[in-house]
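# Observations on chain architecture
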Amino acid sequence: MSAGSAEPYEVELAMKLDIEGLTVEYGQVAAVHGLNLTVGHGELVALVGPSGCGKTTTLGFITGFIRPKAGRVLFDGVDVTALAPQRRGIGYVFQDYAIYPHMTVRENIRFPLDAAKKERKQAERDVDEIAGLMGVGNLLARRPHQLSGGQRQRVALARALVKKPVILLLDEPLSNLDAHLRVEVRAEIRRLQLDLKMTTVFVTHDQSEAMAIADRVAVMSDGNIVALTAPATLYTRPPSLFSARFIGSPQINIWATDGPDEALARRVIQPLVRDGGAGLLVGVRPEDVEIGTGELEAVVTLTEPLGRDFLVHLTVGPSSIRVLVPAEEGQHLKLDDNVRMRIEPSRLHLFDAATGRRVEIDAAGARRLDESAQGDGGLAS
Ligand code: ATP
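Quick caveat, the model's predicted, so the values are computed rather than measured.

## Side note on the domain arrangement of the protein chain
For the protein chain, the assigned domains read domain 1 (17-236) and domain 2 (241-380). Listed as interface residues are 15 residues of domain 1 and, on the opposing side, 12 residues of domain 2. Around 1,100 Å² of area is buried between domain 1 and domain 2 when both sides are counted, 64% of it from carbon and sulfur atoms. When the area that domain 1 buries against domain 2 is broken down by residue, the three leading residues are Q207, V226 and Y235, summing to 51%.

## Quick look at a nonpolar patch on the surface
Taken together, the side chains of F65, Y92 and F94 present a nonpolar region at the surface, about 300 Å² in accessible area. Here F65 shows up in the loop between α1 (55-63) and β4 (70-75). Overall, the relative accessible area of 54% leaves F65 in the exposed class.

## Here's the deal with the nonpolar core
Of all hydrophobic cores here, the largest spans 45 residues; its most connected members are I109, I189, V217 and V219. Residues lining this core come from more than one domain, with at least three contributed by each of domain 1 (17-236) and domain 2 (241-380). Leave out the neighbours within four places in its chain, and I189 touches L157, L170, P173, L174, F202 and I213.

## A few points about the sheet that holds strand β13 (residues 289-305)
Hydrogen bonds between backbone atoms are what pair the strands of a sheet, whose relative direction is either parallel or antiparallel. The sheet built from 4 strands is open, its strands ordered β15-β14-β13-β16 with antiparallel pairing. Taken across any chain shown, the strands that pair with only one partner, and hence form the sheet edges, are β15 (319-326) and β16 (338-343). Within the sheet, the average angular offset between the axes of one strand and its neighbour, ignoring direction, is 50 degrees. Pairing analysis gives 8 bridges linking strand β14 (residues 309-316) to β15, with the strands arranged antiparallel. Among the inter-strand pairings, L311 is bridged to a residue of β15, identified as L324. Its contacts with the sheet place helix α9 (residues 262-269) against β13, β14, β15 and β16, and it is angled at close to 130 degrees to β13.

## A short note on the site of the ligand
Y26, A31, P50, S51, G52, C53, G54, K55, T56 and T57 make up every residue found near the ligand. The contact in question runs from an oxygen atom of the ligand to an N or O atom on the backbone of C53, over 3.1 Å. One of the backbone nitrogen or oxygen atoms of G54 is found 3.0 Å away from an oxygen atom of the ligand. Alone, the ligand offers 630 Å² of accessible surface; in the complex the protein occludes 56% of this. Sort the elements by how many residues they give to the shell around the ligand and α1 lands first, with 3 residues. Residue composition of the shell around the ligand, grouped by class: 4 nonpolar, 5 polar and 1 charged.

## Here we look at the packing of aromatic side chains
In the structure shown here, the tally under the stated rule is 4 aromatic pairs. For the ring pair F242 and F246, a centre distance of 5.9 Å and an interplane angle of 10 degrees mean the geometry is stacked. Placement of both F242 and F246 in helix α8 (residues 241-246) is noted, with a separation of 4 residues, approximately one turn of the helix. When its relative accessible area of 13% is taken as the criterion, F242 is described as buried. The exposure class assigned to F246 is buried, which follows from its relative accessible area of 18%.

## A closer look at empty space enclosed by the protein
Enumeration over the complete set of coordinates arrives at 1 cavity of 30 Å³ or more. One number sums up the size of the largest cavity: a volume of about 50 Å³. Tallying contributions element by element places helix α5 (residues 179-196) first for the lining of the largest cavity, with 3 residues. Looking at the lining of the largest cavity residue by residue, the classes come out as 7 nonpolar, 1 polar and no charged.

## Some words on the packing of helix α2 (residues 105-115) against helix α3 (residues 120-133)
The N-to-C vectors of α2 and α3 enclose an angle of 130 degrees; their axes lie 9 Å apart at closest approach. The angle between the axes of α2 and α3 places the two elements in the oblique class. For the pair α2 and α3, the crossing hand works out as right-handed. Side by side, α2 and α3 meet where R106, I109, R110, L113 and D114 of the first sit next to R120, A123, E124, D126, V127, D128, I130 and A131 of the second. Among the residues making up the contact of α2 with α3, the classes are represented as 6 nonpolar, no polar and 7 charged.

Rules used throughout
Residues numbered from 1 in each chain as written. Predicted model: local features only at pLDDT ≥ 70, side-chain atom pairs only at ≥ 80, totals over all residues. Heavy atoms only, no water. Domains from an automatic or database assignment. Contact = heavy atoms within 4.5 Å. Buried area = accessible area lost by both parts, 1.4 Å probe. Patch = residues over 30% accessible without salt bridge, like charges linked within 9 Å, V, L, I, M, F, W, Y side chains within 5 Å. Areas by Shrake-Rupley, 256 points an atom, 1.4 Å probe, with all protein chains shown as cover. Salt bridge = Lys/Arg side-chain N within 4 Å of Asp/Glu carboxyl O. Helix = DSSP H or I, 4+ residues; strand = E, 2+ residues; numbered from the N terminus. Buried < 20%, exposed > 50% of the residue type's maximum accessible area, 1.4 Å probe, protein only. Core = buried A, V, L, I, M, F, W, Y, C linked by side-chain atoms within 4.5 Å. Pairing = 2+ DSSP bridges. Axes fitted to C-alpha atoms, helices over the stretch in contact; angles between N-to-C directions. Near = heavy atom within 4 Å. Polar contact = N/O pair within 3.5 Å; in protein donor to acceptor, adjacent residues only side chain to side chain. Nonpolar A, V, L, I, M, F, W, Y, C, P; charged D, E, K, R; others polar. Phe/Tyr/Trp six-rings, centres within 6.5 Å; stacked < 30°, edge-to-face > 60°. 1 Å grid on protein atoms, 1.4 Å probe; cavity = no way out; pocket = protein on both sides within 12 Å on 5 of 7 lines; lining within 4 Å. Points joined across faces, edges and corners; volume = space filled by probe spheres on them. Parallel < 35°, antiparallel > 145°, perpendicular 65-115°, else oblique. Left-handed = near helix turned anticlockwise from the far one by under 90°.

Have a look at this one:
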């Protein structure tokens, strides 16, 4: 197959996806610049990032609806940049699941097969199979207005999957569902994606959704990927300041060794560094701060019951700290209580204040930049 050739597009399951050097501009706005991404066969990569960072633009490029200023997209190593969208064999589901209101569920799911002129009996068998997998097999005779939001979204997914797409693109597919249903449909999507070994790009602005569903998470900021790694690594060894702040709720505590938080920052990293730690940002996740023990003295400024845990806000001198403690401890804490606090040095995350890149400290106390990490502007981000 070659881009733009007249040969029919060969559809096989699970192609490898490569995006190389993608740059997209809308007039003066550089929406994406120089983005590279590989999604392996049967892998699910979640693109996550704040509103406007370029997630939808990147998907639009994969589908072929958005023309880039520069860049290529390859399916299993074949350049498809010039191939028309309808010939790429992609399945996609967007936030506002556009299923046709005048068609039954069966007709909706069958629609892509009818458009491809698939033989009717085989098409019906395919519809039954995918509808069964998506749990809508008993709804085939209904029309969309007779379905719940979750059911409609399952129908949209079934329609995207019925053609056995080479790559599946999901753009905020759960955002119209309520919190419980989101978790349920998310698990169904993941189970199905693993069963069918679908190469999938899943766009979301919800970091916990990205972490839950993906093999790897690509954190986007300002038109580029600033971190790309397995969810557990992203959480336990965030490669950059932006990703450390973006992933995790409640958010990581960050203190600079120069500025108003200097005293606290320098004190907590003192066991790690020999040089006093100038130019560093010190991070600690709220669940990694111990209270009730240790040498630091803190004052309680607020407690928030979150169910299993309490989020406790403390101050040490001019610095603020968020701490997550089990509810049985948190419920005894009162406003203005003095508490002892300690942070195990191995739980600290250090970043270069100028570039935002993760910094490791070796046994001799020397700094080493994490080579796998890209900078993301440090404090400016
Ligand atoms: P969201 O999470 O809000 O959907 P996103 O990460 O998907 O955001 P994009 O929709 O890709 O972001 O937009 C990236 C940037 O390009 C934004 O600054 C946006 O305002 C801009 N943009 C997107 N589409 C257009 C357009 N058609 N014309 C001009 N600017 C655009």
